[in-house]
There are 2 protein chains.
Amino acid sequence: MDAKERLIEAAQDLLWDRGYTGTSPKAIQQQADAGQGSMYHHFAGKHELAHAAITRSARQLRAEAELAFGVEGAAMEKIGAYLTRQRDVLRGCRIGRLAADPDIIAAADLREPLVSTFRWLEGELASLIEDGQATGEFSAQLDPTTVAAAIVATVQGGYVLARAAADPEQFDHAISGLMTLLKGNAA
Amino acid sequence: MDAKERLIEAAQDLLWDRGYTGTSPKAIQQQADAGQGSMYHHFAGKHELAHAAITRSARQLRAEAELAFGVEGAAMEKIGAYLTRQRDVLRGCRIGRLAADPDIIAAADLREPLVSTFRWLEGELASLIEDGQATGEFSAQLDPTTVAAAIVATVQGGYVLARAAADPEQFDHAISGLMTLLKGNAA
DNA sequence: GTCTATACGGGGATAGAC
DNA sequence: GTCTATCCCCGTATAGAC
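Residues numbered from 1 in each chain as written. Chains lettered and ligands numbered in written order. Predicted model: local features only at pLDDT ≥ 70, side-chain atom pairs only at ≥ 80, totals over all residues. Heavy atoms only, no water.

Quick word on the overall build of chain A
Part 1 of the reasoning: Each helix and strand in chain A was counted, giving 9 helices and 0 strands.
Part 2 of the reasoning: Ordered by position from the N terminus, the helices and strands of chain A form the series α-α-α-α-α-α-α-α-α.
Part 3 of the reasoning: Counting only C-alpha atoms and orienting by the principal axes, one finds that chain A spans roughly 60 × 30 × 30 Å.
Part 4 of the reasoning: Expressed as a percentage of its 187 residues, the buried residues of chain A come to 56%.
Part 5 of the reasoning: Sequence-distant contacts, at least 24 apart, represent 67% of the contacts inside chain A between residues at least 6 apart. (Helix = DSSP H or I, 4+ residues; strand = E, 2+ residues; numbered from the N terminus. Buried < 20%, exposed > 50% of the residue type's maximum accessible area, 1.4 Å probe, protein only. Contact = heavy atoms within 4.5 Å.)

Right, dumping it as structure tokens:
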């Protein structure tokens, strides 16, 4: 693997664990086993490297979610597969995590992968809810868009609760509560 | 107001906006209009000052939530009052925000106010749900504990979505979806 | 492409004077 | 209690050699 590649992966890793503010060029170089000159040859600076890393993390996250949505079954099963998919809960969401970082929020290009990832996710979930309404699986009273937002928010918040408590089960509790609420809204 | 007080308030503010990693002693001193010597006279260092600030923020958050829970009405109205209370959405949650910070998570004493705040909040909400079940307002099928966790998670995640999109309405969507789900679980 | 040298301000704190 | 001086390493680059 060439240095450029290693730098991007190291940046992905560090951004996930420490955010943008907490990640220094030097730390990235060390983890990538690349020199100062190498990094600044391939990227204009921390900002540009972070952009490459975040963009790639967003693509990966989306691919993983697509995998969960691809299971066979009715709408609720697909949603359930997404909600209960394997996650490194205490590490948090590599995309949602960045929303806490003031420097990410302040830079439109760094924030963009966050917006589009969440917008896409909510769209997928909203479609599933509509499907479920068409087949009589969900109550027609539900507004697919806002319910989808609530689902995504519960996942993101589940990470927050789990990390605050240093206990992955807190994530599962939130998801479990959400699934009960969803199932109580059968047609 | 004395310097010590100003330092704590400045630290609360900066921690809210920039997190622990993103907040420097120098920045706190400047915002508090206090000198280096003053800060290190009153506090052993950044860590100790942050502890004072976080503890106080947690108390304030709790007081604000108590106010919302205090409205007259049935369980769903109290929950609704909490969910729709005035918030500076794009600024995020001053407590939940810290869960993204690796240095906070690594320091048990800094993390403690986060755990206890969320535990308390979930407890209050779980009680309300039980009340609602007793009066026939909510379905007996609901598990008060996990549903309470889902509610708190949705709020925390709502902040994440809103900040990612730089749009406060994303918070409202998530809350609105959650309230629909709750109301669909009437007894 | 990668290395080393150099730069300058900031992060986080200690020491001693007033 | 607060001020100023001082410390040392880190953050974030740029410059030029190889």
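Section: the relation of the copies chain A and chain B
Part 1 of the reasoning: Superposition of chain A onto chain B requires a rotation of 180 degrees combined with a translation of 0.0 Å along the rotation axis, giving an RMSD of 0.0 Å. On the angle and the small slide along the axis, the relation comes out as a two-fold axis.
Part 2 of the reasoning: Looking at the interface residues of chain A, 100% of them are also at the interface in chain B, so both copies use one shared face. (Least-squares fit on C-alpha atoms with pLDDT ≥ 70 in both.)

Points about the interface of chain A and chain B
Part 1 of the reasoning: With 46 residues of chain A in contact, the opposing surface of chain B contributes 46 residues.
Part 2 of the reasoning: At the surface where chain A touches chain B, the tally comes to 2 salt bridges.
Part 3 of the reasoning: Our count for the contact surface shared by chain A and chain B stands at 11 residue pairs in polar contact (both at pLDDT 80 or more).
Part 4 of the reasoning: At the level of elements, α1 (3-18), α6 (102-106), α7 (108-134), α8 (144-165) and α9 (169-183) of chain A are the ones that each hand at least two residues to the side of chain A that touches chain B.
Part 5 of the reasoning: Looking at which element gives the most residues to the side of chain A that touches chain B, the answer is α8 of chain A, with 15 residues.
Part 6 of the reasoning: Looking at side-chain class alone, the side of chain A that touches chain B contains 22 nonpolar, 16 polar and 8 charged residues. (Salt bridge = Lys/Arg side-chain N within 4 Å of Asp/Glu carboxyl O. Polar contact = N/O pair within 3.5 Å; in protein donor to acceptor, adjacent residues only side chain to side chain. Nonpolar A, V, L, I, M, F, W, Y, C, P; charged D, E, K, R; others polar.)

Thoughts on the protein's contact with DNA strand D
Part 1 of the reasoning: Lining the immediate surroundings of DNA strand D are Thr 23, Ser 24, Pro 25, Gln 36, Tyr 40 and Lys 46 of chain A together with Ala 3, Gly 35, Gly 37, Ser 38, His 41 and His 42 of chain B.
Part 2 of the reasoning: Counting only atoms of DNA strand D within 4 Å of the protein, the fraction found in sugar and phosphate groups is 63%.
Part 3 of the reasoning: For DNA strand D, a sugar or linking oxygen lies 3.0 Å from a polar atom in the side chain of Tyr 40 of chain A.
Part 4 of the reasoning: It is helix α3 (residues 36-42) of chain B that provides the largest number of residues to the surface near DNA strand D, a total of 4 residues.
Part 5 of the reasoning: Each residue belonging to the surface near DNA strand D can be placed in one class, and the counts come to 3 nonpolar, 8 polar and 1 charged. (Near = heavy atom within 4 Å.)

Examining helix α1 (residues 3-18) of chain B
Residues and elements named next belong to chain B.
Part 1 of the reasoning: With 16 residues, α1 ought to run about 22 Å at 1.5 Å a step, and its terminal C-alpha atoms sit 22 Å apart, in line with that.
Part 2 of the reasoning: When α1 is considered as a whole, its buried residues turn out to be Ala 3, Leu 7, Ile 8, Ala 10, Ala 11, Gln 12, Leu 14, Leu 15 and Trp 16.
Part 3 of the reasoning: Buried-residue contacts for α1 involve α2 (25-32), α3 and α4 (46-69).
Part 4 of the reasoning: Just beyond α1, the residue with positive phi is Gly 19, at close to 75 degrees. (Expected span 1.5 Å × (residues − 1).)

Observations regarding the state of the cysteines
Part 1 of the reasoning: The tally for this structure, following the rule as stated, stands at 0 disulfides over all chains.
Part 2 of the reasoning: For Cys 93 of chain B, which is in no disulfide, the shortest distance to another cysteine sulfur is to Cys 93 of chain A and amounts to 18 Å. (Disulfide = S-S within 2.5 Å.)

A closer look at the pattern of salt bridges
Part 1 of the reasoning: Taken as a whole and judged by the stated rule, the model has 12 salt bridges over all chains.
Part 2 of the reasoning: Notably, a salt bridge pairs Asp 17 of chain B with Arg 91 of chain B, separated by 2.8 Å at the nearest N-O pair. In this pair, Asp 17 of chain B sits in helix α1 while Arg 91 of chain B sits in the loop between α5 (75-83) and α6 (102-106), placing the two residues 74 residues apart along the sequence.
Part 3 of the reasoning: Asp 17 of chain B gets classed as partly exposed once you look at its relative accessible area, which sits at 32%.
Part 4 of the reasoning: On the basis of relative accessible area, Arg 91 of chain B is assigned to the buried category, the value being 18%.
Part 5 of the reasoning: Residues Arg 94 of chain B and Glu 64 of chain B are paired through a salt bridge, measuring 2.6 Å at the closest nitrogen-oxygen approach. Taken together, the residues span a long stretch of sequence, with Arg 94 of chain B in the loop between α5 and α6 and Glu 64 of chain B in helix α4 at a distance of 30 residues.
Part 6 of the reasoning: Take Glu 64 of chain B: its relative accessible area is 31%, and that puts it in the partly exposed class.
Part 7 of the reasoning: Put simply, Asp 13, Asp 17 and Arg 91 of chain A are held in one network by salt bridges that share partners.

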